[in-house]
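Chain residues, written in single-letter form:
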Amino acid sequence: MVLDCYRPRAEWFSHDPYWIHGFNHVARVLVWANRLAEALAARGGGVDVETVRWAAALHDLGRHDDGRDPQHGERSALWVEQNQSLLPVELPVGRLAKVAYCCRWHVPRDAEAPEMTPELACLKDADGLDRVRIIDLDPHQLRLPEARSFVDASWGLCRATVPIDRDDPWGQVRQAARARDLWP
């Protein structure tokens, strides 16, 4: 249940939350982001796990649709900056800025980001791991060795959660992730 507190509300999404970049995707990205952040923290990686979790939960809210949308990271960051009061917890100013930063820079190429923070690396790799859903994961593009070790598991989690359960897509991912000891 630990990750349930990060569940976004349907009305926060700028697009259909029941399609390819909606609840189902966000929940899987949260699973991988959490695992990556905890692995980095365990090896002394200086990562803010809470920032990574919130960034994973909110990174695609600004999408207009499921097609190519290179500005959705910027729109997601703006949503984070303007809607703190909607979140179930108050994020400290510094953490809120880091969440917005991760949302903003999760779309552009790595070299375009001012800094590849550990939090951004976790989000980008977690989002990358869920590219299996569109059969477009290139493990060589993953930044963290832990992410590369999750490639096979990402296929399994995706297969277990597609097609999307429109009644409870979040619960569908939670159940499949818990069955694989991925959901705390």
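It should be noted that the structure appears before, not after, this text.
Model, not experiment: these values are computed from the prediction.

**Q** Can you walk me through the overall build of the chain in this structure?
**A** Scanning the chain from N- to C-terminus turns up 8 helices and 0 strands. Written out in order from the N terminus, the α and β elements of the chain read α-α-α-α-α-α-α-α. The principal-axis extents of the C-alpha atoms in the chain amount to approximately 35 × 35 × 30 Å. For the chain, the proportion of its 184 residues judged to be buried stands at 54%. For the chain, the share of sequence-separated contacts (at least 6 apart) that also reach a separation of at least 24 residues comes to 59%. Looking at the chain, you have 23 positive and 28 negative side-chain charges, and the mean spots of the two groups are 2 Å apart.

**Q** Teacher, can you tell me more about the pattern of salt bridges here?
**A** Between side chains of opposite charge, a pair can form as their charged atoms come close. The tally for this structure, following the rule as stated, stands at 18 salt bridges. Across the pair Glu-146 and Arg-43 runs a salt bridge whose closest N-O atoms are separated by 2.6 Å. Pair noted here: Glu-146 is in helix 6 (residues 145–149) and Arg-43 is in the loop between helix 1 (23–42) and helix 2 (49–58), with a separation of 103 residues, a long-range link. Its relative accessible area of 16% is what places Glu-146 among the buried residues. In this structure, Arg-133 and Asp-130 form a salt bridge, with 3.6 Å as the shortest nitrogen-oxygen distance. As far as burial versus exposure is concerned, Arg-133 and Asp-130 are alike and both buried. Here the residues in one salt-bridge network are Asp-110, Lys-124, Asp-125 and Arg-143, joined through shared partners.

**Q** How should unusual backbone geometry be read in this particular structure?
**A** A negative phi angle is the norm for most residues apart from glycine, just as the trans form is the norm for most peptide bonds. Residue Pro-163 follows Val-162 across a cis peptide bond; omega there is 5 degrees. Of note, Pro-163 is situated in the loop between helix 7 (151–160) and helix 8 (169–179). Although it is not a glycine, Asp-181 adopts a positive phi angle of roughly 55 degrees. Relative to the assigned elements, Asp-181 resides in the segment after helix 8.

**Q** Any chance you could explain the packing of helix 2 against helix 5 (residues 118–129) here in plain terms?
**A** Each pair of packed helices can be summarised by the angle the axes make with each other and by the distance between the axes. For the pair helix 2 and helix 5, interaxial distance at closest approach is 9 Å and the crossing angle is 40 degrees. By the angle class used here, helix 2 and helix 5 are oblique. For the crossing formed where helix 2 meets helix 5, the hand is right-handed. Residues Thr-51, Val-52, Ala-55 and Ala-56 of helix 2 form the contact with helix 5, whose own contacting residues are Glu-119, Cys-122 and Leu-123. Residues that form the contact of helix 2 with helix 5 fall into these classes: 5 nonpolar, 1 polar and 1 charged.

**Q** Before we go on, may I ask you to explain the packing of helix 4 (residues 93–105) against helix 5 in this structure?
**A** In the contact formed by helix 4 and helix 5, the axes pass within 9 Å of each other and the chain directions differ by 45 degrees. As summarised for this structure, helix 4 and helix 5 are arranged oblique, according to the angle between their axes. The handedness of the crossing between helix 4 and helix 5 comes out as right-handed. Packed against helix 4, whose contacting residues are Lys-98, Tyr-101, Cys-102, Cys-103 and Trp-105, the element helix 5 presents Glu-119, Leu-120, Leu-123 and Lys-124 at the interface. The residue makeup of the contact of helix 4 with helix 5, split by class, is 6 nonpolar, no polar and 3 charged.

**Q** Explain the packing of aromatic side chains here, please?
**A** For any two aromatic rings, the description comes down to two numbers: the centre-to-centre distance and the angle of the planes. Taken as a whole and judged by the stated rule, the model has 7 aromatic pairs. Pairing Phe-13 with Phe-23 gives two aromatic rings, centres 5.2 Å apart and planes at 70 degrees, and the pair type is edge-to-face. Of the two residues, Phe-13 is situated in the segment before helix 1 and Phe-23 in helix 1; the sequence distance between them amounts to 10 residues. Both residues of the pair, Phe-13 and Phe-23, count as buried. Pairing Trp-170 with Trp-183 gives two aromatic rings, centres 6.0 Å apart and planes at 85 degrees, and the pair type is edge-to-face. Of this pair, Trp-170 sits in helix 8 while Trp-183 sits in the segment after helix 8, and the two are 13 residues apart along the sequence. The class of Trp-170 is buried, set by a relative accessible area of 0%.

The rules we used
- All residue numbers refer to position in the chain's written sequence, counted from 1.
- This being a predicted model, a pLDDT of at least 70 is required before a residue's local features are given, and a value of 80 or more before pairs of side-chain atoms are given or counted; all residues contribute to the totals for chains, interfaces and linings.
- Neither water nor hydrogens contribute to the side-chain values; these are computed over all heavy atoms in the structure.
- Only runs of H or I of at least four residues qualify as helices and only runs of E of at least two qualify as strands under DSSP, and these elements are numbered from the N terminus.
- Exposed residues in this analysis have more than 50% of their type's maximum accessible area, buried residues have under 20%, and partly exposed residues fall in between, with area computed by a 1.4 Å probe over protein chains only.
- Note on contacts: a residue pair is in contact if any heavy atoms of the two residues lie within 4.5 Å.
- The positive count covers Lys and Arg only, the negative count covers Asp and Glu only, and His and the chain ends enter neither.
- The location of each charge is read from NZ of Lys, CZ of Arg, CG of Asp or CD of Glu.
- Any Lys or Arg side-chain nitrogen found within 4 Å of a carboxyl oxygen on Asp or Glu counts as a salt bridge.
- All axes here are fitted lines through C-alpha atoms, helices being fitted over the stretch that makes contact, and every angle between N-to-C directions spans 0 to 180 degrees.
- These descriptions rest on fixed angle ranges, namely under 35 degrees for roughly parallel, over 145 for roughly antiparallel, 65 to 115 for roughly perpendicular, and the rest for oblique.
- Each helix crossing is assigned a hand: it is left-handed if the near helix lies turned anticlockwise from the far helix by less than a right angle, otherwise right-handed if that turn is clockwise.
- Each residue gets one label: Ala, Val, Leu, Ile, Met, Phe, Trp, Tyr, Cys and Pro are nonpolar, Asp, Glu, Lys and Arg are charged, and the others, such as Gly, are polar.
- Under the pairing criterion, centres of Phe, Tyr and Trp rings, with the six-membered ring standing for Trp, must be within 6.5 Å; the plane angle then separates stacked pairs below 30 degrees from edge-to-face pairs above 60, leaving the rest tilted.

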